[in-house]
Structures are given as C-alpha cells and as structure tokens.
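Overview (structure and organization)
As a plain string of letters, each chain reads:
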Amino acid sequence: MNILFTETSPANVRLIARIVNQGDALSDLDAALSDGAPAARFKGSAGQVFEGFVTDAGSLKRVAIAGAGEPDSGKRRLNVERAGAALMAKYLRSGETEMVLDLGHASFSGEEAAAALLGLRLRSWAYDDYRTKLAAEKKITLKTVHVIGAPEGTAQAWEIAQAVATGAEFTKKLITLPANILYPESFVALCEEAFAGTGAELTVLDEEQMGELGMGALLGVGQGSVRASRMLAIQWNGGKKGEAPTAFVGKGVTFDTGGISLKPPPGMEDMKWDMGGAGAVAGGMLSLVKRKAKANVVAVMGLVENMPDGNAIRPGDVLTTMSGQTVEVLNTDAEGRLVLCDALHWTQDVFKPSRIVDFATLTGAMIIALGHEYAGVFSNDDDLADQLMAAGTATGDKLWRLPIGPAYDKLIDSPIADIKNVGPRPAGSITAAQFLHRFIKKGTKWAHCDVAGMVFADKPGHTWDKGATGYGVRLIDQFVADNAEG
Ligand code: BES
Ligand code: MN
Ligand code: ZN
C-alpha cells in the first residue's frame, strides 16, 4: 500500500474518505451525505463506515465517512486505528485503485493521524500469491492512499508506525506460509533477508553445534523430521554500551503433528501456525530495528519440525537438556516446552539478559481458558507482568495474567527423571509454564506468554483479515519503548 502525503486533493480520484468523531456535524457535505449518514444510522462510533455518492462538477464521487468514536475516549489511538482499518477493509478489493483520505476533520494529533494510517496499512495486508485463479472482483485493487489534511507531527509519528507495520507484515507472512515452504532453514533465510543491512547481528546454530552444546530436548523434538533444526538469534544493540539486553524467546515449531503422540487429523493443518511465537519475536525485532530503538535487545528462536518417524522420540524417552536437567517425555505432542527449555537456557547462558519474555503457542488449554481475546501471561516478577499487560492494553495485543507456583510445580515431578513434560489434565497451561520456569536461573526476571489462541484467527479482526493476526509485534514494540528506552 502506497501512503502518500499531499497538500491538495488529486482531482481525478473517485473515492474520498474522511474520519470523524462521534456526533460530529457533517454540515460541510452535500445534503445527500449529511442527511444520508444519520438516516443510515451512522453515528461515528469507532470503526463504523458510511458510504454515499455525490456528483461533483459533473463527475461521480464515492464518499466514505469512518467513525473514530468519542475524542476523549481512553482508547483514542485504538479507536482511530479502527477507523483507518475499517476504511481499508471496505475498499481494499472494491474496484477503487486510489483513495483520498482527509485527516483534517477529527482534530487529530500527529500520533493519532499516524494511528489511522497504521490501521489502514495493517488491514491492507493479504497473501494472495498462491491464488492463481482469484476472480477479478476479489482481487486487491486499492494501491494508493493520498493523505490530505494531516496535522503537524504526522510524518514523524508515521516513521515509527511504519516500522511497526513492517514488523507485523513480516510476522503475518511467516505465519501464513505453509510448512512445506516455511521450515527451520527457510525461516532463517527469510530473517537473513529481512534484517540484511539493518545493523542487526544474526547467529545461527546448526544441529551439530546444538549437539555440542547439549541441547538434547530441542534436538529430540526435531529428530523425527527430515528438516534440520536451527537456533536463531538476532541481536540489536541500540542502547547503552554494555547494558544487559532484554531477551525475547519464541517457540518456532514450523509444523506440529504431535510426533508419535500424533494429533487427530481434523484441524491439524492449523499447526503450521505453531511457529507463531517465533514469528512474533522475529517481527517484533524487525519493528525495533527498523525504527532504530534505543535499547539492547536479543531475539532467540528455537526452530524445529515435530514429525513421527522411525527416528522420532517416543513416549517414555528421557532427554538431557542443555541445563543438565533430564526430562521424561510422556507425550511427544508437548514439544514446545522441550524446544523452549533449551532456547531459554542458551539465551541466559550466552546473552545474560536482564529479563526474558517468551512467546509460544504452547497449549490448547490456553484457548479453553481465554478464547481468542487475551493471551495468557505467567511471570516470576509482578512488575514485568504489569509492564507487559500495560503494553498489551495500549496496543490491543491483550494479556491476562495467570498464576504459577510451587504447588503446581509438584505436578510435573517425574519418577525416573528430573521433570516430566506433561502434568495431569487440570491447569495444563500453568504446568507448561511451570516447566519453563525450571529453566530460568534464580534472580532472572521472566515472563511467558502463551499465545496459542492469538496468532491466527478464523474471522477477520479490526486490523487483520482472516488468518495471521500479527499478534505480539506491537506488544513487543510498545514494551520496549516504555521500559527499555530512554
Ligand atoms: N502446539 C500445541 C498447542 C496448540 C494447540 C496451539 C492448539 C494452538 C492451537 C502444543 O504443542 C500441544 O500440542 N500441546 C498439547 C499439550 C498436551 C499434550 C499436554 C495440547 O495442548 O494438547
Ligand atoms: Mn504439540
Ligand atoms: Zn506445538
């Protein structure tokens, strides 16, 4: 999507859009619109769109009015973003190729105007590359938005918002690509391409290197797959020299069949999204790097494919993790925690972070608990949990905290090894978090975000179409802006 700023409205564009606040008079418009909007029950609530047609100097104009809700709402930025996104949802495949968007009607600040544009851009993302027979009327037509009436400060705020959009688009692409295209090595290759020339430093471990480091758990998950496993680290040192970084760690299971504990066929295709944690971390990092965040940050992704095979791990196998702790594998489908435990240990060992936040599509139980509205957050540090939840509220990537503690920890003691990889059915998301906690060194602040219900959606949302949501990118970006910069 080309988003261009101009002084005056280009004359030959048919589609003219504006964003208004709830209750705003539309008195400068033709009566067909100013009377038509209330007649169509348009109030200007966030995300509402009214469309009318007028003739202007002999040519037909299509006029769209989008609502941004009450101007003094606590959710102002998200509401404005919704207005932009709603316009894009309506016109992306409408036949119109260009839109004029007049931002001079809702007394926006520069940041709010940029939020409207962020909404437009986020909602414009789609992946039609594999649809060779898409009907003409379903193809994307809108290519350019000419922005007029942008308040002072829009351009600067838009610079930052664009970095976030770039990150979210990268995450959506990683999540959308099917598992025959996206596997550990190709995930790494896409990151190498995306981060090339940005100043970020990439480190890739192959299976031999991970074997030497003793990552028996991560390698165990990958050993049934013909695709080689990888560990990927992306470092960005935009902060004070020598200051311990903030680490983000992602579960990158590029496909999760369940392994020998095979999943049932219905819905198994959803497990191409099981790298959603790693996808969020990669895109979050890209947004930070693109806007040259003044913080030291490292992103670590454990990349494997979980397949059943003659060489696959079996229920009952005991694996030795890089930390030295042994794990009894009771269910090969509880593989995410096996990948993360080595990724978390390695992250602490090598990067000595001041705090770690991991993202993982870890448990189906998380979806049972919270549905698709909130990701769950688990933490050994109240401040860290609060900071993450605040960033989530501000960006719409919402988090809800759940408990961890010694009483739950007992549920994963193994009779043969140090720990078993599944507990009983109750509190399945908590025992998964508890498993990860055993790999966090004393004194390290850590939070785990179980994003199983958030990385993809089977219905369109405000800023995404059906499919990949980009969840986590804005959360990471906001969390770093609020807590690691300046
Ligand atoms: N990747 C799944 C969790 C998942 C399920 C994510 C549905 C998104 C949608 C994870 O690896 C898994 O299979 N977890 C098991 C754990 C169980 C065996 C303890 C689960 O949730 O059933
Ligand atoms: Mn699984
Ligand atoms: Zn999984």
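Residues numbered from 1 in each chain as written. Chains lettered and ligands numbered in written order. Predicted model: local features only at pLDDT ≥ 70, side-chain atom pairs only at ≥ 80, totals over all residues. Heavy atoms only, no water.

1. Some words on the coordination of the zinc ion (ligand 3)
Protein-derived ligands of the zinc ion (ligand 3) are K251 (NZ), D256 (OD), D274 (OD) and E335 (OE), with the metal-ligand distances lying across 2.0 to 2.4 Å. What the six donor atoms of the zinc ion (ligand 3) show is an angle range of 78 to 174° at the metal, which sorts the shape as octahedral. Counting the intervening residues between successive donors of the zinc ion (ligand 3) yields the motif K-x4-D-x17-D-x60-E. A gap of 3.1 Å separates the zinc ion (ligand 3) and the manganese ion (ligand 2), which D256 links by coordinating each metal. Here D256 is found in strand 9 (residues 246–256), whereas its partner E335 is found in the loop between strand 12 (326–328) and helix 10 (336–351), with 79 residues between them in sequence. (Donors = N, O, S within 2.8 Å, 3.2 Å for Na, K, Ca; no water. Tetrahedral: all angles 85-135°; square planar, octahedral: opposite > 155°, others 65-115°. Helix = DSSP H or I, 4+ residues; strand = E, 2+ residues; numbered from the N terminus.)

2. As for the site of ligand 1
Around ligand 1 lies a shell of 16 residues, among which K263, D274, D333, E335 and G364 are the nearest. E335 is positioned such that a nitrogen or oxygen atom in its side chain is 2.8 Å from an oxygen atom of ligand 1. Between ligand 1 and the protein, one listed contact pairs an oxygen atom with a backbone N or O atom of G364 at 2.7 Å. In isolation ligand 1 has 520 Å² of accessible area, and contact with the protein removes 77% of it. For the shell around ligand 1, the secondary structure elements donating two or more residues are strand 9 and helix 11 (364–370). Here the residues of the shell around ligand 1 sort into five nonpolar, four polar and seven charged. (Near = heavy atom within 4 Å. Polar contact = N/O pair within 3.5 Å; in protein donor to acceptor, adjacent residues only side chain to side chain. Areas by Shrake-Rupley, 256 points an atom, 1.4 Å probe, with all protein chains shown as cover. Nonpolar A, V, L, I, M, F, W, Y, C, P; charged D, E, K, R; others polar.)

3. Considering the coordination of the manganese ion (ligand 2)
Coordination of the manganese ion (ligand 2) by the protein comes from D256 (OD), D333 (O), D333 (OD) and E335 (OE), over a distance range of 2.0 to 2.2 Å. For the manganese ion (ligand 2), the six donor atoms are set out with angles of 71 to 166° between them, so the coordination reads as irregular. The sequence motif formed by the donor residues of the manganese ion (ligand 2) is D-x76-D-x1-E.

4. Points about the environment of S109
Along the chain, S109 turns up in the loop between strand 5 (98–102) and helix 4 (110–123). Judged by relative accessible area, which is 34%, S109 ranks as partly exposed. Taking the C-alpha atoms as reference points, S109 and D128, separated by 19 residues in sequence, lie 35 Å from one another. (Buried < 20%, exposed > 50% of the residue type's maximum accessible area, 1.4 Å probe, protein only.)

5. A look at the sheet that holds strand 12
If you walk across this open sheet you meet the three strands as 11-12-16, and the pairing is mixed. Edge positions in the open sheet fall to strand 11 (318–320) and strand 16 (419–420), since each of these has one partner strand only. Sheet analysis places strand 11 next to strand 12, joined by three bridges and oriented antiparallel. Bridging across to strand 12, L319 finds its partner in V327. (Pairing = 2+ DSSP bridges.)

6. With respect to the nonpolar core
Core analysis: the biggest nonpolar cluster contains 54 residues, and F187, F195 and M301 have the highest contact counts within it. The leading source of residues in this core is helix 9 (residues 276–290), at seven residues. In this structure, F187 is in contact with L174, L182, L232, M275, A278, G279, A282, M301 and L303, ignoring residues within four places of it in sequence. Among the nonpolar cores identified, the runner-up in size contains 39 residues, and L319, L338, W346 and W446 belong to it. (Core = buried A, V, L, I, M, F, W, Y, C linked by side-chain atoms within 4.5 Å. Contact = heavy atoms within 4.5 Å.)

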